Amino acid sequence: MAYDYEKSLRPGKLPHIWCPGCGHGIVMKGLLRAMDTCGLEKNNTALVSGIGCASRLPGYVDMCTLHTAHGRAAAFATGVKMARPEMNVIVMGGDGDGTAIGGNHFIHACRRNIDMTYVIMNNFIYGMTGGQFSPCTPTGDKASTTPYGNPDPTFDISKLAIGAGATFVARTTAFHATQIDKLIAEGIKHKGMAIIEVLDDCPTTYGRRNKFRSVVDMMKRLKDMAVPVTAAGKMTAEQLEGKILTGVLYKEDKPEYCEQYAKVIARAQGVK
Amino acid sequence: MSIEVIERYCKGCSICVEFCPKNVLEMDGFIVKVARPDDCIKCMQCELRCPDFAIKVHTD
Ligand SMILES: Cc1ncc(C[n+]2csc(CCOP(=O)(O)OP(=O)(O)O)c2C)c(N)n1
Ligand code: SF4
Ligand code: SF4
Ligand code: SF4
Ligand SMILES: [Mg+2]
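Sequence order as written defines the numbering, with residues in each chain counted from 1. The lettering of chains begins at A and the numbering of ligands begins at 1, in the order of writing. Side-chain atom pairs in this predicted model are given and counted only at pLDDT of 80 or more, local residue features only at pLDDT of at least 70, and totals for whole chains, interfaces and linings cover all residues. The side-chain values count all of the structure's non-hydrogen atoms but skip hydrogen atoms and water molecules.

(A) Spatial organisation of the overall build of chain B. A run of H or I in DSSP counts as a helix once it spans at least four residues, and a run of E counts as a strand once it spans at least two, with each numbered from the N terminus. A count of helical and extended segments in chain B gives two helices and four strands. Beginning at the N terminus, the succession of helices and strands in chain B can be written as β-α-β-β-α-β. Put simply, the radius of gyration uses C-alpha atoms, and a globule should come to 2.2 Å times the residue count raised to 0.38. Here the C-alpha atoms of chain B give a radius of gyration of 10 Å, agreeing with the 10 Å that 2.2 N^0.38 yields for 60 residues. By principal-axis analysis of the C-alpha atoms, chain B measures approximately 25 × 20 × 15 Å. Between buried and exposed lies partly exposed: a residue is buried under 20% and exposed over 50% of the maximum accessible area for its type, with that area taken using a 1.4 Å probe on protein chains only. Here chain B holds 60 residues, and 47% of them are scored as buried. Long-range contacts, defined here as pairs at least 24 residues apart, represent 45% of the contacts in chain B between residues at least 6 apart. For every accessible area listed, the method is Shrake-Rupley and the probe measures 1.4 Å; residues are considered covered only by the protein chains on display. Roughly 3000 Å² of accessible area belongs to chain B as shown, and the carbon and sulfur atoms make up 47% of that amount. Put simply, chain B has 8 plus and 10 minus side-chain charges, and the middle of one group is 3 Å from the middle of the other. Any two residues whose heavy atoms approach within 4.5 Å at even a single point are treated as in contact. Charged residues are defined here as Lys and Arg on the positive side and Asp and Glu on the negative side; His and the ends of the chain fall outside this count. By convention, the charge on Lys lies at NZ, on Arg at CZ, on Asp at CG and on Glu at CD.

What follows is the structure, given as structure tokens:
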């Protein structure tokens, strides 16, 4: 059966603004399937984003949506969740938004282990503004601001999230479409901060500058770089060279922030 | 069974054409065309990966 995506979209919004072959559309479809699987509805779900091509995503979806300032999605989402802890809060954003200008909000939301799901679409670049390098641009790659190759070391978003205290961390790619909704659904069900990193493609500002001439070249690269974390144990260091682990990378149970905060309120009010 | 292409949404990225395991689809200029519908095995890969909501595989 063809999946009915349009039932979850605001009417008249398609075609969307993303470029031909931009992976953000594939991620959006994964999100819609995941929300469906988890029974999320308009009145109990808020999608929050900052600024960027990735951050345009909530505008298409027929849910409560909040399009905020560049890098600030996690901060606004924290406010929503603390005011309305019964709501499902999902952040959708890009690598630039979440790890450059918003890096601080990102790590502190992870540290607090607040119960939300953060899907970070890592296309290795600032797509919207014309392809400036981001903290996730691979070392040596070309961006409009690094025409001779990027000298910077690169953030591994999933490792950053684990180190900062997120209690569910998973990774997939825009090529692995069915894994996107499975991991987002797991993240939604997890009580605590869930980070789902989706390695994504920006054929327009990253691919063309970096030898991935076509959309298909970019998709093949995502396909080739992914190694399921369950298979990696049997591989040699040589075989893992240049690969990126996918699947659920980390999961633990830890006290959730809103619940801890409710206890503080109860104590302050003298409730035993 | 039928494969529906919503031509108004298709941006001609050719992801669906490249990753169809049965070579059912073809580019016709900037729009995808269902060239060999009888070969389709309903794996849904094209529908799942189309970034533009432009291709639907109806299985009933
Ligand atoms: C305060 C502020 N600084 C800079 C910008 C310009 N700006 C808009 S989007 C963006 C980068 C977005 O990159 P990313 O989050 O990776 O999203 P993508 O476009 O790649 O999906 C920048 C720098 C802005 N809008 N606001
Ligand atoms: S510029 Fe890049 S990220 Fe933005 S819509 Fe185009 S392909 Fe997608
Ligand atoms: S459903 Fe599978 S076999 Fe049929 S056209 Fe799509 S990708 Fe090809
Ligand atoms: S994947 Fe979608 S947008 Fe791309 S060519 Fe196929 S139908 Fe058109
Ligand atoms: Mg980006």
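Picking up where we left off.
(B) Representation of the pattern of salt bridges in the model. Salt bridge, as used here, is a side-chain nitrogen of Lys or Arg placed within 4 Å of a carboxyl oxygen of Asp or Glu. Throughout the structure, instances matching the rule amount to 14 salt bridges over all chains. When the shortest N-O distance is used, the salt bridge between Asp52(B) and Lys11(B) registers 2.8 Å. Of this pair, Asp52(B) sits in the loop between helix H2 (45-49) and strand E4 (55-58) while Lys11(B) sits in the loop between strand E1 (2-5) and helix H1 (15-19), placing them 41 residues apart in sequence. Asp52(B) sits in the buried class, given a relative accessible area of 3%. A single salt-bridge network, built from bridges that share partners, covers Lys81(A), Asp115(A), Lys191(A) and Glu259(A).

(C) Quick look at the coordination of the magnesium ion (ligand 5). Residues and elements named next belong to chain A. Donor atoms: N, O and S within 2.8 Å of the metal, or within 3.2 Å for Na, K and Ca. Because water is excluded, sites can look incomplete. Distances from the magnesium ion (ligand 5) to its protein donors, Asp95 (OD), Asn123 (OD1) and Ile125 (O), fall at 2.0 to 2.1 Å. We note that the donor set of the magnesium ion (ligand 5) lies within a single chain, spaced as D-x27-N-x1-I. With aspartate 95 in helix H3 (residues 95-101) and asparagine 123 in the loop between strand E4 (117-122) and helix H5 (157-164), this residue pair connects regions lying 28 residues apart in the sequence. Under the relative-accessibility criterion, aspartate 95 is labelled buried at 1%.

(D) Representation of the interface of chain A and chain B. Residue-level contacts link 28 residues of chain A with 21 residues of chain B. Each of two parts loses accessible area, computed with a 1.4 Å probe, when they are put together; buried area is these two losses added. For the chain A and chain B pair, buried surface summed over both sides reaches about 2200 Å², with 63% attributable to carbon and sulfur atoms. Linking chain A to chain B there are one salt bridge. Salt-bridge contacts for Lys220(A) lead to Glu18(B); the nearest nitrogen and oxygen are separated by 3.1 Å. We define a polar contact as two N or O atoms separated by no more than 3.5 Å, with the added condition that, inside protein, one atom must be a possible hydrogen donor and the other a possible acceptor, whereas residues neighbouring each other in sequence contribute only through side-chain atom pairs. On inspection of chain A and its partner chain B, the count reaches twelve residue pairs in polar contact (both at pLDDT 80 or more). Breaking the side of chain A that touches chain B down by element, the ones donating at least two residues are helix H1 (24-37), helix H6 (177-189) and helix H8 (215-225) of chain A. In terms of residues, the side of chain A that touches chain B owes the most to one element, H1(A), which gives six residues. Of the residues in the side of chain A that touches chain B, the class split is 20 nonpolar, four polar and four charged. Each residue is assigned to one class: nonpolar for Ala, Val, Leu, Ile, Met, Phe, Trp, Tyr, Cys and Pro, charged for Asp, Glu, Lys and Arg, and polar for all the others, Gly among them.

(E) Geometry of the side chain of His24(A). Residues and elements named next belong to chain A. Residue position: histidine 24 is located in helix H1. Residue classification places histidine 24 among the buried residues on the basis of a relative accessible area of 1%. Within polar-contact distance, the side chain of histidine 24 engages the backbone nitrogen of alanine 54 at 3.4 Å. Here histidine 24 is in contact with Trp18, Cys53, Ala54, Leu57, Met121, Asn123 and Asp200, once residues within four sequence places are set aside.

(F) Here's a closer look at the site of ligand 1. Residue and element names in this part refer to chain A. Close to ligand 1 lie 17 residues, the nearest being His24, Asp95, Gly96, Asp97 and Gly127. One of the side-chain nitrogen or oxygen atoms of aspartate 95 is found 2.7 Å away from an oxygen atom of ligand 1. Glycine 127 has a polar backbone atom sitting 2.8 Å from an oxygen atom of ligand 1. Burial of ligand 1 by the protein amounts to 74% of the accessible area it has alone, namely 590 Å². In this structure the site holding ligand 1 corresponds to the second largest pocket. It is H3 that provides the largest number of residues to the shell around ligand 1, a total of four residues. Class assignment for the residues of the shell around ligand 1 results in seven nonpolar, eight polar and two charged. Put simply, a residue is near a molecule or strand once any heavy atom of it comes within 4 Å of that molecule or strand. Cavities and pockets are found on a 1 Å grid laid over the protein atoms alone: a cavity is a set of points where a 1.4 Å probe fits but cannot escape, a pocket is an open set with protein on both sides within 12 Å along at least five of seven lines, and a lining residue has an atom within 4 Å of such a point. A pocket or cavity is taken to hold a molecule when more than half of that molecule's atoms are within 2 Å of the pocket's grid points.

(G) Quick look at the pairing of strand E1 (residues 45-49) of chain A. Residues and elements named next belong to chain A. With five of its five residues buried, E1 lies for the most part within the structure. Of the strand pairs in this sheet, E1 and strand E3 (residues 88-94) are connected by four bridges, and their pairing is parallel. Within E3, the residue paired with leucine 47 across the bridge is isoleucine 90. With four bridges joining them, E1 and strand E2 (residues 64-67) adopt parallel strand pairing. Bridge assignment links valine 48 to a residue of E2, and that residue is leucine 66. Two strands qualify as a pair provided that DSSP identifies no fewer than 2 bridges between them.

(H) Spotlight on the layout of surface pockets. Residues and elements named next belong to chain A. Grid points are joined across faces, edges and corners, and a volume is the space filled by probe spheres set on the points. Each pocket or cavity is described by its volume, and for the largest pocket that value is around 300 Å³. Lining the largest pocket are 18 residues, and of these Phe124, Pro138, Thr154, Met225 and Ile244 sit closest to its centre. Those elements giving two or more residues to the lining of the largest pocket turn out to be strand E6 (194-199) and H8. Across the lining of the largest pocket, the residue classes break down as nine nonpolar, four polar and five charged. In this structure, the second largest pocket occupies an estimated 210 Å³ of space. Forming the boundary of the second largest pocket are 18 residues, of which Ile51, Gly52, Tyr126, Gly127 and Met128 lie nearest the centre.

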